[in-house]
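Below, each chain spelled out in residue letters.
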Amino acid sequence: MKLRSGKITIENTNICPANCTICPRDKYEQKLGIMDFNLFKKIINNLSNQENVGTVDIGGFGEPFADKLLFERCAYIREKLPKAKIFTSSNCFLMTPDKYDDVCKYIDALKISVYGVTKETYEKCHRGSLVFEKTYANILGLLERKTKPYTIGLLTLTEDNKNEKDEWLKFWQPRLDEVYIWMPHNFAGNMDFRTIDRTKQKSCGRPLNGPLYVHLDGTVSMCCLDINKKLKIGNMDTDTIPEIFKSSAYKRIKKAHKEGNFNGLLCENCCQTNYNPSVLIYASNKERGVGKLNSNLKNLLEV
């Protein structure tokens with residue numbers, strides 16, 4: 001059985017210098033660290049047996065540039081999966097100028113989370129150790145490069161930054177390849193930004209189309225919002241992809257999504273079970289849409 005979506009997310013680290021207001025880091029139960037490189041190689045070797053791997057998303061619930069082995073991992077992906085695109089999401093605070101060469105060499109698409117255009121708003125939204133001036137300098141410095149990744153700007157809209165939405169678009173849309181503005185997730189009940197109508201719940205599609213999220217220790221979940229491994233279906237340290245898709249845990253989740261019965265699953269508290277196109281407030285790329293994988297790079301780099 002193959003990876004139907006052609007996309008996988010590998011959590012190279014769960015460490016992050018930010019503590020964003022839209023992120024449930026205070027609900028996070030996992031030990032912080034960096035993925036063992038031998039485990040990472042095993043995962044990529046496993047993927048090399050799949051014919052349709054189109055995108056490897058390095059990131060997850062951490063800041064990818066907090067991992068000193070990030071570019072060694074990228075080089076290994078290039079060696080074993082030469083046709084795959086490498087995607088990552090970052091706040092870019094740790095993407096300092098000494099990393100620009102490797103960013104441009106290895107990263108095909110970089111999604112940049114930047115939640116304000118003034119120092120006060122930016123630091124109020126991102127919190128942690130992030131500094132407005134340093135982050136902006138890092139991003140703008142990369143954008144000066146002649147050759148660089150496809151860049152995507154993300155503004156997650158909250159009460160703290162909604163008054164800067166127009167100014168944010170005016171500043172970032174001309175500088176980046178595309179931008180979009182979303183309402184924040186509820187992270188499967190860990191946050192309260194979206195209301196769930198239980199009378200209108202249906203599958204988000206993830207367990208049916210096969211994207212995988214690999215946690216730091218190799219644990220595989222069906223969902224990137226499953227921060228505490230409630231939807232575990234296997235482990236890439238011990239299982240192959242075909243074995244994971246044949247597991248009873250996967251079959252149980254798939255059945256629940258086919259039937260629209262989420263009782264007892266993390267999914268019953270997830271806003272992704274309510275289709276609501278209004279949560280995508282703005283997208284400069286009309287290929288974007290609610291229910292589509294943001295890191296799916298098919299045709300994206302030609303847009």
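Everything that follows concerns the structure shown earlier in this document.
To start, this report covers the structure provided alongside it. What you see is a predicted model; the values in this text were computed from it and never measured. (Residues numbered from 1 in each chain as written. Predicted model: local features only at pLDDT ≥ 70, side-chain atom pairs only at ≥ 80, totals over all residues. Heavy atoms only, no water.)

1. Considering the pattern of salt bridges
Then comes step 1: Following the criterion strictly, the structure yields 14 salt bridges and no others.
Then comes step 2: Close ionic contact of R145 with D101 constitutes a salt bridge, the shortest N to O distance being 2.7 Å. With R145 in the loop between α5 (132–143) and β5 (150–156) and D101 in helix α3 (residues 100–106), this pair connects stretches of sequence that are 44 residues apart.
Then comes step 3: With relative accessibility at 27%, the residue R145 sits in the partly exposed group.
Then comes step 4: For D101, a relative accessible area of 51% gives the class exposed. (Salt bridge = Lys/Arg side-chain N within 4 Å of Asp/Glu carboxyl O. Helix = DSSP H or I, 4+ residues; strand = E, 2+ residues; numbered from the N terminus. Buried < 20%, exposed > 50% of the residue type's maximum accessible area, 1.4 Å probe, protein only.)

2. Points about the nonpolar core
Then comes step 1: One finds I8, I10, L47, V56, W168 and W172 to be the most contacted residues of the largest nonpolar core, which totals 92 residues.
Then comes step 2: Apart from residues lying up to four places away in sequence, W172 is in contact with V114, V117, Y136, I139, L140, L143 and V179. (Core = buried A, V, L, I, M, F, W, Y, C linked by side-chain atoms within 4.5 Å. Contact = heavy atoms within 4.5 Å.)

3. What to know about α5
Then comes step 1: Its twelve residues give α5 an end-to-end C-alpha distance of 17 Å, which sits within 8% of 16 Å, the value for a rise of 1.5 Å per residue.
Then comes step 2: Residues of α5 that are buried: F132, T135, Y136, N138, I139, G141, L142 and L143.
Then comes step 3: Packed against the buried residues of α5 are α3, β4 (109–113), α4 (119–126), β5 and α6 (165–172). (Expected span 1.5 Å × (residues − 1).)

4. Description of the side chain of K7
Then comes step 1: Relative to the helices and strands, K7 resides in strand β1 (residues 7–10).
Then comes step 2: Buried and unpaired, K7 has no salt bridge, with D57 as the nearest side chain of opposite charge at 4.1 Å. (Lys, Arg positive; Asp, Glu negative; His and termini not counted.)

5. Some points on the packing of helix α1 (residues 37–47) against helix α2 (residues 70–80)
Then comes step 1: For the pair α1 and α2, interaxial distance at closest approach is 10 Å and the crossing angle is 25 degrees. Classified by the angle their axes make, α1 and α2 are roughly parallel. Once α1 is placed against α2, the crossing between them reads as right-handed. Contacts from F37, F40, K41, I44 and N45 in α1 reach E72, R73, Y76, I77 and K80 in α2.
Then comes step 2: For the contact of α1 with α2, the per-class residue count stands at five nonpolar, one polar and four charged. (Axes fitted to C-alpha atoms, helices over the stretch in contact; angles between N-to-C directions. Parallel < 35°, antiparallel > 145°, perpendicular 65-115°, else oblique. Left-handed = near helix turned anticlockwise from the far one by under 90°. Nonpolar A, V, L, I, M, F, W, Y, C, P; charged D, E, K, R; others polar.)

6. Focus: the sheet that holds strand β2 (residues 55–58)
Then comes step 1: What the ten strands build is an open sheet, ordered β9-β8-β7-β1-β2-β3-β4-β5-β6-β10; its pairing is mixed. Of all strands in the sheet, those bounded by a partner on one side alone are β9 (232–235) and β10 (280–283). Strand after strand, the sheet turns through a mean of 20 degrees between neighbouring axes, direction not considered.
Then comes step 2: Of the strand pairs in this sheet, β4 and β5 are connected by five bridges, and their pairing is parallel. Within the sheet, the bridge partner assigned to K111 lies in β5 and is I152.
Then comes step 3: Relative to strand β6 (residues 178–182), α6 is tilted by about 165 degrees, and along the sheet it contacts β5, β6 and β10. (Pairing = 2+ DSSP bridges.)

7. Re the pairing of β6
Then comes step 1: Within β6, five of the five residues are buried, which leaves the element mostly enclosed by the surrounding structure.
Then comes step 2: Side chains E178, Y180 and W182 project from β6 onto one buried face, and the interleaved V179 and I181 project onto a second face that is buried too.
Then comes step 3: Inspection of the sheet shows β5 paired to β6 by five bridges, in the parallel sense. Residue pairing across strands places G153 opposite V179, the latter belonging to β6.
Then comes step 4: Handedness of the crossover is the feature at issue here: the chain leaves β5, passes through α6, returns alongside β6, and the resulting connection is right-handed.
Then comes step 5: Relative to β10, β6 is paired through three bridges, and the arrangement is antiparallel. Paired with I181 across the bridge in β10 is Y282. (Right-handed = clockwise from strand over helix to strand, strands pointing away.)

8. What about the side chain of T219?
Then comes step 1: Relative to the helices and strands, T219 resides in strand β8 (residues 219–221).
Then comes step 2: Owing to a relative accessible area of 4%, T219 belongs among the buried residues under this scheme.
Then comes step 3: Side chain to side chain, T219 and D217 meet in a polar contact 2.9 Å long. (Polar contact = N/O pair within 3.5 Å; in protein donor to acceptor, adjacent residues only side chain to side chain.)

9. Topic: unusual backbone geometry
Then comes step 1: Positive phi, close to 70 degrees, is recorded for C92, a residue that is not glycine.
Then comes step 2: In this fold, C92 is placed in the loop between β3 (85–90) and α3.
Then comes step 3: With relative accessibility at 0%, the residue C92 sits in the buried group.

Spatial relationships are all this shows, so hold off on functional conclusions.
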